[in-house]
Amino acid sequence: MIVSALRRPSDQFDNSIIPRNWSITNFTDVFKEGTGFGRGLLNSLIVAGTVTILTLIIGMVAAYTLARLEFRGKNFVLAIIITTSMFPGISLVIPLKKLFSDIEWINTYQAMIVPSLSFALPLAVWNLTAFFRQMPRELEQAAMVDGCTPAQAFRKVIIPLAAPGVFTTAIITFIAAWNEFLIALSMVNRKEIQTANVVISQFTGTSGRDQPFGSQMAAGVVVTIPLVIAVLLFQRRIVAGLTAGGVK
């Protein structure tokens, strides 16, 4: 993809492994006025960032509740949660389209955020529940002996120690939301709200070029960069959390 992005537009069908003539024309083309790619990147960041934050907040509370509280049918609830993530996204497009049309959510950010949130939450709750179960209850008990309320013990003790699981979940959620295409394509047709993936699929190239393969490859490289940065940043936190340990 990088090699194709760095070829000149006239050399897109060259079979050489390394471009004979390097060019950044494809990268400049995708950011030209009228393509909407820059705005698409911002929209993708808004949607993926919001989905990740909401998933972590709701997922941590739900997972901690399922991990610590004992009640009848808890395993059944967990099974239902993970089952909801098995429905193919294509089967939900038509009912979601009808629902969002009725409540006037078409061409809004929430039309992309809410479905992505519903797809991300089951896996997040499942992963975090397993992680919280491995943490000894003595951690909360020791904190409450020192004067913390259950909520304070969760916020000040459990969440910091759960950093490896939380950041792993954040990586998975952000990547899934950033790469989401079907819902964004179906629910939004206004160019100023479309995400980067949708903009790339509708990219037609610039004047005088019939096939925008090079521009699409360049756009793909740009879209991949935030994922690489996010993984590297979160990976450092995960390693730090694992080496620190939960019990001194």
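Conventions adopted
- Residues numbered from 1 in each chain as written.
- Predicted model: local features only at pLDDT ≥ 70, side-chain atom pairs only at ≥ 80, totals over all residues.
- Heavy atoms only, no water.
- Helix = DSSP H or I, 4+ residues; strand = E, 2+ residues; numbered from the N terminus.
- Buried < 20%, exposed > 50% of the residue type's maximum accessible area, 1.4 Å probe, protein only.
- Areas by Shrake-Rupley, 256 points an atom, 1.4 Å probe, with all protein chains shown as cover.
- Lys, Arg positive; Asp, Glu negative; His and termini not counted.
- Charge placed at Lys NZ, Arg CZ, Asp CG, Glu CD.
- 1 Å grid on protein atoms, 1.4 Å probe; cavity = no way out; pocket = protein on both sides within 12 Å on 5 of 7 lines; lining within 4 Å.
- Points joined across faces, edges and corners; volume = space filled by probe spheres on them.
- Patch = residues over 30% accessible without salt bridge, like charges linked within 9 Å, V, L, I, M, F, W, Y side chains within 5 Å.
- Salt bridge = Lys/Arg side-chain N within 4 Å of Asp/Glu carboxyl O.
- Polar contact = N/O pair within 3.5 Å; in protein donor to acceptor, adjacent residues only side chain to side chain.
- Contact = heavy atoms within 4.5 Å.
- Phe/Tyr/Trp six-rings, centres within 6.5 Å; stacked < 30°, edge-to-face > 60°.
- Core = buried A, V, L, I, M, F, W, Y, C linked by side-chain atoms within 4.5 Å.
- pLDDT = per-residue confidence, 0-100.

**Remarks on the overall build of the protein**
Within the protein one finds 12 helices and 0 strands. Reading the helices (α) and strands (β) of the protein from amino to carboxyl end gives α-α-α-α-α-α-α-α-α-α-α-α. Here the C-alpha coordinates of the protein stretch approximately 70 × 45 × 30 Å along the principal axes. Going through the 248 residues of the protein one by one, you find that 41% of them count as buried. In the structure as shown, the protein presents an accessible area of about 13,800 Å², 67% of it carried by carbon and sulfur atoms. Taking the 20 positively charged and 13 negatively charged side chains of the protein as two groups, their mean positions are separated by 6 Å.

**Topic: empty space enclosed by the protein**
Evaluated as defined, the whole model comprises 2 cavities of 30 Å³ or more. Approximately 70 Å³ is the volume found for the largest cavity. Going through the elements one at a time, helix 3 (37-68), helix 6 (110-133) and helix 9 (163-179) are the ones with two or more residues in the lining of the largest cavity. Among the elements that line the lining of the largest cavity, the one with the most residues is helix 3, at 3 residues. Of the pockets and cavities examined, the second largest cavity occupies roughly 40 Å³.

**Notes on a nonpolar patch on the surface**
A contiguous nonpolar surface patch, about 340 Å² in accessible area, is contributed by I53, L54, I57 and I58. For I58, the location among the structural elements is in helix 3. Residue I58 is classed as partly exposed on the basis of its relative accessible area, which comes to 40%.

**Focus: the side chain of S186**
Looking at the element boundaries, S186 is found in helix 10 (residues 182-187). On the basis of relative accessibility, which here comes to 17%, the residue S186 falls in the buried class. Of the polar contacts made by the side chain of S186, one reaches the backbone oxygen of L182; its length is 2.8 Å. Leaving out residues up to four positions away in the same chain, S186 has contacts with V93 and K97.

**As for the packing of aromatic side chains**
If you walk through the whole model with that rule in mind, you get 7 aromatic pairs. Ring geometry for F13 against F213: centres 5.9 Å apart, planes inclined by 90°, an arrangement best described as edge-to-face. Of this pair, F13 sits in the loop between helix 1 (2-5) and helix 2 (25-30) while F213 is found in helix 12 (residues 213-244), placing the two residues 200 residues apart along the sequence. For F213, a relative accessible area of 37% corresponds to the partly exposed category. Taking the centre distance of 4.5 Å and the plane angle of 40° together, the rings of Y64 and F154 count as tilted.

**So, the side chain of S44**
Position of S44 among the secondary structure elements: in helix 3. Residue classification places S44 among the buried positions, given a relative accessible area of 3%. Those residues within four positions of S44 in sequence are excluded, and the remaining contacts are G49, W178, T195, A196 and N197.

**Considering the nonpolar core**
Among the nonpolar cores identified, the biggest contains 36 residues, and F27, F37, L41, W178, M187 and V223 are the most heavily contacted of them. Of all the secondary structure elements, the ones that give two or more residues to this core are helix 2, helix 3, helix 5 (90-102), helix 6, helix 9, helix 10, helix 11 (196-201) and helix 12. Of all the elements, helix 12 adds the most residues to this core, at 7 residues. Beyond its immediate chain neighbours, meaning those up to four positions away, L41 contacts F31, W178, A196, V222 and V223. A63, L128, F154 and V166 belong to the second-largest nonpolar core, a separate cluster that totals 14 residues.

**Remarks on the environment of S4**
For S4, the location among the structural elements is in helix 1. We classify S4 as partly exposed; its relative accessible area is 21%. As a C-alpha pair, S4 and G89 span 85 residues in sequence and 31 Å in three-dimensional space.

**What about the confidence of the model for the protein?**
Low-pLDDT stretches of the model should not have their predicted coordinates read in fine detail. Mean pLDDT over the protein works out to 86, with 92% of the residues at or above the 70 mark. At the low end of the mean pLDDT range in the protein sits helix 12, at 77; at the high end sits helix 3, at 94. Residue range residues 241-248 is modelled with pLDDT below 50. Its contacts to residues more than four positions away, or to other chains, number 6 contacts.

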